[in-house]
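Examination of the molecular architecture
So you can see what is in the structure, the chains are spelled out below.
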Amino acid sequence: LQRPKLLMSLTVTSVRLTGTKYGCGGGGCGACTVMVSRYQPATKTIIHYSANACLLPLCQLHGAAVTTVEGIGSTKTRIHPVQERIAKAHGSQCGFCTPGMVMSMYALLRNKPHPTMEDITQALAGNLCRCTGYRPIVDGCRTFCQVQTNCCQANGAGDCCLNGEGSTDESEHFLPLDPTQELIFPPELILMAETGNPETLTFCGERMRWVSPASLEELVQLKASNPKAPLVMGNTNIGPDIKFKGVLHPLIISPTRVMELFEVTQTPQGVWVGAGCSLSEVRSLLQKLVPQFPEEKTELFRALIQQLGNLGSQQIRNVASLGGNIMSAYPNSDLNPVLAAGNCKLSVISTGGRREVPLNPDFFVSFGKTILKPEEIVVSVFVPFSRKGEFVRAFRQAPRKESSFATVTTAMRVFFSEGSRVVRDVSIYYGGMGPTTVSATKTCAALVTRPWDDETLSRAYDVLLDELVLPPSAPGGKVEFRRSLTLSFLFKFNLEVLQKLREMVGLQFLPLPREIQPSLQEFQVRKYPSFKDQSVQDPVGRPIMHRSAISQATGEAVYCDDIPRTDGELFLVLVTSSRAHAKITGLDVSEALRLPGVVDVITAKDIPGKKVRTMFGYHEELLAESEVSCIGQMICAVVADTRAHAKRGAAAVKISYEDLPDPVFTIEEATEKSSFFEPRRVIRRGNVTEAFETVDQLYEGEIRMGGQEHFYMETQSMLVVPVGEETEFKVYVSTQWPTSTQDAIAETLDIPSNRVTCHVKRMGGAFGGKVTKTAVLASITSVAAWKTNRAVRCVLERGEDMLITGGRHPILAKYKVGFMNDGRIVAADIEYYTNAGNTVDESVLVVEKILLHMDNAYNIPNLQGRAAACRTNLPSNTAFRGFGVPQSIMVVENMVNDVAVVLGRPADQIREINMYKGPSVTHYKFEFSPENMLRCWEECKVKADYSARRRAVDQFNQQNRWKKRGMSIIPIKYGIAFAESFLNQAAALVHIYKDGSVLVTHGGTEMGQGIHTKMQQVLLLNLLYLTKKTFKSISFVFPFTQNACQTLYQRLEPVRQKDPKGSWESWVNAAFFEKISLSATGFYRGPDLYMDWDKMEGQPYAYFTFGACCCEVELDCLTGDYRTVRTDIVVDIGRSVNPSVDIGQIEGAFMQGLGLYTLEELKFSPSGLLYTRGPSQYKIPAVCDVPLRFNVYLLSDSHNPHAIYSSKGIGEPVLFLGSSVFFAIKDAVAAARAESGLVGPFSLDSPATPERACLACASLFTQKIPASKPGSYKPWALNI
Ligand SMILES: Cc1cc2nc3c(=O)[nH]c(=O)nc-3n(C[C@H](O)[C@H](O)[C@H](O)COP(=O)(O)OP(=O)(O)OC[C@H]3O[C@@H](n4cnc5c(N)ncnc54)[C@H](O)[C@@H]3O)c2cc1C
Ligand code: FES
Ligand code: FES
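To start, this report covers the structure provided alongside it. (Residues numbered from 1 in each chain as written. Chains lettered and ligands numbered in written order. Predicted model: local features only at pLDDT ≥ 70, side-chain atom pairs only at ≥ 80, totals over all residues. Heavy atoms only, no water.)

With respect to the site of ligand 1
- Close to ligand 1 lie 30 residues; Met233, Gly234, Thr236, Ser321 and Asp334 are nearest.
- At 2.9 Å from an oxygen atom of ligand 1 is found a main-chain nitrogen or oxygen belonging to Asn237.
- At 3.0 Å, a side-chain N or O of Tyr330 approaches an oxygen atom of ligand 1.
- Coverage of ligand 1 by the protein amounts to 94% of the 980 Å² it exposes when considered alone.
- Of all elements in the fold, only α13 (322-328) and β13 (377-384) reach the threshold of two or more residues within the shell around ligand 1.
- The class makeup of the residues in the shell around ligand 1 is 14 nonpolar, 14 polar and two charged. (Near = heavy atom within 4 Å. Polar contact = N/O pair within 3.5 Å; in protein donor to acceptor, adjacent residues only side chain to side chain. Areas by Shrake-Rupley, 256 points an atom, 1.4 Å probe, with all protein chains shown as cover. Helix = DSSP H or I, 4+ residues; strand = E, 2+ residues; numbered from the N terminus. Nonpolar A, V, L, I, M, F, W, Y, C, P; charged D, E, K, R; others polar.)

Printed below as a string of structure tokens:
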């Protein structure tokens, strides 16, 4: 053992069960979920629980049975109902998250065959999906609930899903769940557990030892002689430390076989809970106890249950131990404040004997440290009953509601003398307010012995404010927010205590419904118009399941890293710059080369061909030679026989730097120093300067919008295999653009392109991030393969991927708008600055697209836009779904919103007044009809019942002081196709084999968007309605198969005429004997589009996709916590080729947009280092973020002459509609501000995180926090 071997590495490398996916390695994404089963001899029962394979040490699993996704079903035998239902509910797009989802659900069903919706959402809370938006996954799982709530009929959609009408995919006919058919627990493991193994188990390795004692005495002795050795229980603290911080423990003690650590004993005063019990076990225990006692005795139990429900994910709670959580002494532990406030105590043991240690203010010493001696072991934790007159409450606020460490977490306990409101005893603890759990001792002193009234509380707030001070540059940032939360939580506690004391119901604190109700989704597919005039054999327009969904759900789908290792294969790990702007003064690889397994180190000098790639005249080095311009820039790469060896090698490379002055990080710094990538672009219609003179009102504003990480679930992956002759290479790569990868590798190796073959089976998500960046990474990998003449694999760790590959461009926009009192916007002048990072990449194109969409849905007669890509010393940003449009439209919508606020009119009215109407022309002189945009808008208002709900929202806001609702409706007009005309072409090659099977080679790549599924539908329609097919794709340029299919159809037609009763196979066979070519190419020459930036006019798009989205949110003004109550989307996508695939794209894009505008925050240190390098720090939407009610409608009777089968592009546009949540939050904030007498426009940057929303509410608590003077301190994070 070099370090504890994890289950993950066994499944992937040793037993080759590749269905268990690796998305992060830190327990944060759920892709690696498996089920662990154990036999408990004491109760003679078998327990099953889900767990993250990436954190499960193999040695810990001695005696356990592990079930992976392959174990529950496969296409070769029988698929499991969970696999089937998730697939058929369209819950698998790219499929990379699907095995994890399946296993979380499977583990739940093993324990509860008829779960509730609450159970399902809890079980899936720790499983991230970047594609689907979760609704279809939950929908598939919901079919297991005993009480089926809704079907399409309940929505009044006519044909009912249950009678199968109109359906071609038989998705309603599910395999039944039969618990008797599940895998049995291996009897030999029962025998092993029954007979017991009193021996100490030891596993020895090269650099470490793993010891598992069988008794408490042994454990005590072992710990006494090795006080520094950690006790590994759930490994959820030690595991990430080893992995991400490189901590090496020569000895690990595993006490999981020591029975005393799992014992539970009840006493008249409370309950002793074994420190080894998992957090899930503690929660179930307390849940069982609560109903057995009077309410007054279980105050603490209930506070613990509540906190435990929100702590981490199900998978984490299933393995993390109570003792481990206490002893980890995290600054923001959720349990420690409750245990401490609740007067819990520990029973600890060492060679010195047993003692009891109270969890009091002295217990937590500093980060990760407690007062216990290193050799002491926590045996159990005493959780006391509460007393009459005692109240305990816990609160937490986290960046995401579930599966996220809290920003601030707290527990408060107050004890009143009977029949009095005088405080006898009180304790308050906070997490997230210092290096460890802290006690608000002075605040407690201000409360004790006093009556619980306004005067006492008012004093307590002041004392608390003085007591819990954070320095302005405190780690974690959010200083004002955190401080205000401490007050808000005390205020909330006050309200609850008052409720209790006065037995009063606080109407304003209606809790939000916890469960997600995806059943409220309205599908239109069964009413889809194309069915009426369509032959039953015609598959186009049908909601056909993603063609790989089943194999994705069974784990059989092959992703790049699932390809088995080839003989002599090497692994490549990159060495990146640790400086933002510096000269490289030395590169010493000698130590790395001496390490075991290391074969070579690749530097720029090894590149035989082009060392740079050129875009817009700027050079980007593949590997930096003399200078670096951002942290994370690639300098060299270590190749070794294994990933672990390559990693060690990379860590041993020594680079010395000489810092260069004045690195540029922020947009402000870049504009000050004129640090731009040229060309900067300008677009103009009318004359804004003159128009500003004529308007009734002028307003100037600005908005800043953060960037976004792609967070495709499968990180950048590639395998380059030298064929062995004529410098030929086979490249297996997860890329959206294989041509560009092929070109880049050929240039880098100085070989012709025909020596490089790129294979893309599928990607585990891409979203724009697997275009240019992948080409660079593949080029470097190919140099290693060329130099060593061995196959080389490179698969980035999540942290490396996030550090190196960049994402969406952050922007700062400033606008001046002139408008009339009747709401007409007459002129707008907008400046956009994007933070492009250290290389140009596609930034100029992004800037152009920003300007082309700056009007969105509005006809502003005088419009001027200027846009620049700022060159900074941050990792270079790149393409991302929407390509600048989500930023651009955000600005104009914010501007229109401001106009509405200035005029004191509803924003939807100002939007309507200014929308394009009738035959229209954009600011770049492009003619179009906005009819369908207006139809989407109107239909959205009707479907969402906008007017009535708006009134209800206003009424709600009048009745509630601290909860506010907000609503918004937003339109979109999104241009499809490329102004760079050469990109609008597509090719396909179709072969029909003698047995009738068909092979299509086309230019599209499958990244979850179902291109192969749609392609198959087109193929089936055009090739005589095939019944049997083999459909495989190797990708090159861009898609087009229809043309090739029609050629083949014409060639086969004479054969068919001769034998009309024959079969497809017989016609094909006959054609072969008649020497008819059964191969054809198809080519599509797209429209000749252009944009002339000098003349400021053009035809950059083939057509527009339109849509509208209405959202309603409920905001807790005290904490910034919000929930999307309802979303209604209407989109014009022409005649959809596959409505369920398209609805999947709409929902997935909406959720990604929701993440962009309200949740996802990239944080950089003052020296330019990305802090947010994994799911623990960077929060993408999870299942808890799905709107409580989510309706998607496709606009009916829409036709599009510009695309195949009258369809429209949908993958990108809808992302912007997520901003509707942002504007609904802004609307709610405005209502909160009005309560404080603040009216008029206000600034709210994107994303509207709880922090921003809470501070913008300007409540009495946020206003108490003194803002630190900018410039007087070094902030923890940059505002880039
Ligand atoms: C993805 C993720 C999300 C998380 N989210 C949250 C969250 O929202 N809120 C929260 O509070 N926590 C959260 N955690 C932290 C998690 O709860 C703790 O890591 C966990 O409780 C530690 O328990 P463990 O058994 O895994 O500890 P291990 O990693 O096994 O051990 C941790 C430490 O505790 C010591 N230790 C363990 N048992 C004993 C004992 N009996 N006596 C003495 N020392 C002992 C060990 O020596 C070691 O130093 C999260 C963790 C992860 C990975
Ligand atoms: S890979 Fe295990 S949780 Fe992400
Ligand atoms: S389908 Fe869930 S991540 Fe792609």
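Observations concerning the side chain of Asn894
- Along the chain, the position of Asn894 falls in helix α27 (residues 885-903).
- Note on Asn894: relative accessible area 2%, which makes it buried. (Buried < 20%, exposed > 50% of the residue type's maximum accessible area, 1.4 Å probe, protein only.)

Some words on the environment of Arg547
- Looking at where Arg547 falls in the secondary structure, it is placed in the loop between α17 (479-502) and α18 (549-554).
- When the C-alpha atoms of Arg547 and Gln1016 are compared, they prove to be 8.6 Å apart, with 469 residues separating the residues in sequence.

Some words on the sheet that holds strand β26 (residues 676-685)
- Pairing is mixed in the open sheet, where five strands are placed in the order β26-β34-β33-β32-β27. Sheet topology places β26 and β27 (697-705) at the edges, where each strand pairs with a single neighbour. When strand polarity is set aside, the average angle formed by the axes of neighbouring strands in this sheet is 10 degrees.
- Relative to strand β33 (residues 825-837), strand β32 (residues 811-819) runs antiparallel, the two sharing nine bridges. Its bridge partner being in β33, Lys814 is matched across the sheet by Glu831. (Pairing = 2+ DSSP bridges. Axes fitted to C-alpha atoms, helices over the stretch in contact; angles between N-to-C directions.)

A few points about the sheet that holds strand β29 (residues 729-733)
- Read from one edge of the open sheet, seven strands run β20-β24-β18-β31-β28-β29-β30, paired in mixed fashion. Lying at the two open borders of the sheet, with one neighbouring strand each, are β20 (598-602) and β30 (756-759). Across this sheet, the average inter-strand angle for adjacent strands is 25 degrees, counted without regard to direction.
- As paired strands, strand β28 (residues 717-722) and strand β31 (residues 792-795) are joined by four bridges and run antiparallel to one another. The residue of β31 that forms the bridge with Ser717 is Val795.
- Against the sheet, helix α20 (residues 643-652) touches β18 (570-576), β20, β24 (634-640) and β31, its axis set at about 25 degrees to β18.
- Sheet strands in contact with helix α23 (residues 738-749) are β29 and β30, and its direction is about 150 degrees off that of β30. (Contact = heavy atoms within 4.5 Å.)

Things to note about the pattern of salt bridges
- Tallying each qualifying case throughout the model produces 61 salt bridges.
- Between Asp855 and Lys973 there is a salt bridge; the shortest N-O distance is 3.0 Å. With Asp855 in the loop between α26 (843-852) and β34 (862-871) and Lys973 in strand β37 (residues 963-976), the pair connects residues that are 118 residues apart, well separated along the chain.
- Salt-bridge contacts for Asp954 lead to Arg950; the nearest nitrogen and oxygen are separated by 3.0 Å. Placement of the pair is Asp954 and Arg950 together in helix α30 (residues 946-959), with a separation of four residues, close to one helical turn. (Salt bridge = Lys/Arg side-chain N within 4 Å of Asp/Glu carboxyl O.)

Some points on the pairing of strand β39 (residues 998-1002)
- Judged by how many residues are buried, β39 sits mostly within the fold: five of five residues are covered.
- Residues Val998, Val1000 and His1002 line one face of β39 and the alternating positions Leu999 and Thr1001 line the opposite face, and both faces are buried.
- When strand β38 (residues 985-992) meets β39, the two strands line up antiparallel, connected through five bridges. From the neighbouring strand, His991 faces β39, where its bridge partner is Leu999.

Brief notes about unusual backbone geometry
- Residue Pro679 follows Glu678 across a cis peptide bond; omega there is 0 degrees.
- Structurally, the position occupied by Pro679 is in strand β26.
- Omega for the bond connecting Ser1246 with Pro1247 falls within 30 degrees of zero, at 5 degrees, which places this linkage in the cis form.
- Summarising the element assignment, Pro1247 is placed in the loop between α35 (1219-1235) and α36 (1250-1257).
- Here the phi dihedral of Ser674 falls at roughly 50 degrees; this positive angle occurs in a residue that is not glycine.
- Take Ser674: it is sitting in the loop between α21 (667-672) and β26.
- For Ser674, a relative accessible area of 51% gives the class exposed.
- Positive phi, close to 60 degrees, is recorded for Phe767, a residue that is not glycine.

What about the packing of helix α10 (residues 279-289) against helix α11 (residues 299-310)?
- At a minimum axis separation of 9 Å, α10 and α11 run at an interaxial angle of 140 degrees. Pair α10 / α11 crosses with left-handed handedness. Residues Leu279, Val282, Arg283, Leu286, Gln287 and Leu289 of α10 pack against Phe301, Leu304, Ile305, Leu308 and Gly309 of α11.
- Looking at the contact of α10 with α11 residue by residue, the class counts come to eight nonpolar, two polar and one charged. (Left-handed = near helix turned anticlockwise from the far one by under 90°.)

Regarding the pairing of β38
- The side-chain alternation of β38 yields one buried face, formed by Ala986, Ala988, Val990 and Ile992, and one unburied face, formed by Gln985, Ala987, Leu989 and His991.
- As judged from the seven bridges shared by β38 and strand β40 (residues 1079-1085), these two strands associate in the antiparallel manner. Residue pairing across strands places Ala988 opposite Gly1082, the latter belonging to β40.
- Linkage of β38 to β39, two consecutive antiparallel strands, is achieved through a turn of five residues, within which Gly996 is found at a positive phi near 95 degrees.

Structural notes on the packing of aromatic side chains
- Inspection of every chain in the model, using the stated rule, returns 28 aromatic pairs.
- Their ring planes at 55 degrees and their centres at 6.2 Å tell us that Tyr1101 and Phe1104 sit as a pair that is tilted.
- One residue, Lys345, lies across the ring of Phe382, its end atom 5.1 Å from the ring centre.
- Positioned above the aromatic ring of Phe1072, the side-chain terminus of Lys994 is 4.9 Å from the ring centre. (Phe/Tyr/Trp six-rings, centres within 6.5 Å; stacked < 30°, edge-to-face > 60°. Lys NZ or Arg CZ within 6 Å of the ring centre and 35° of its normal.)

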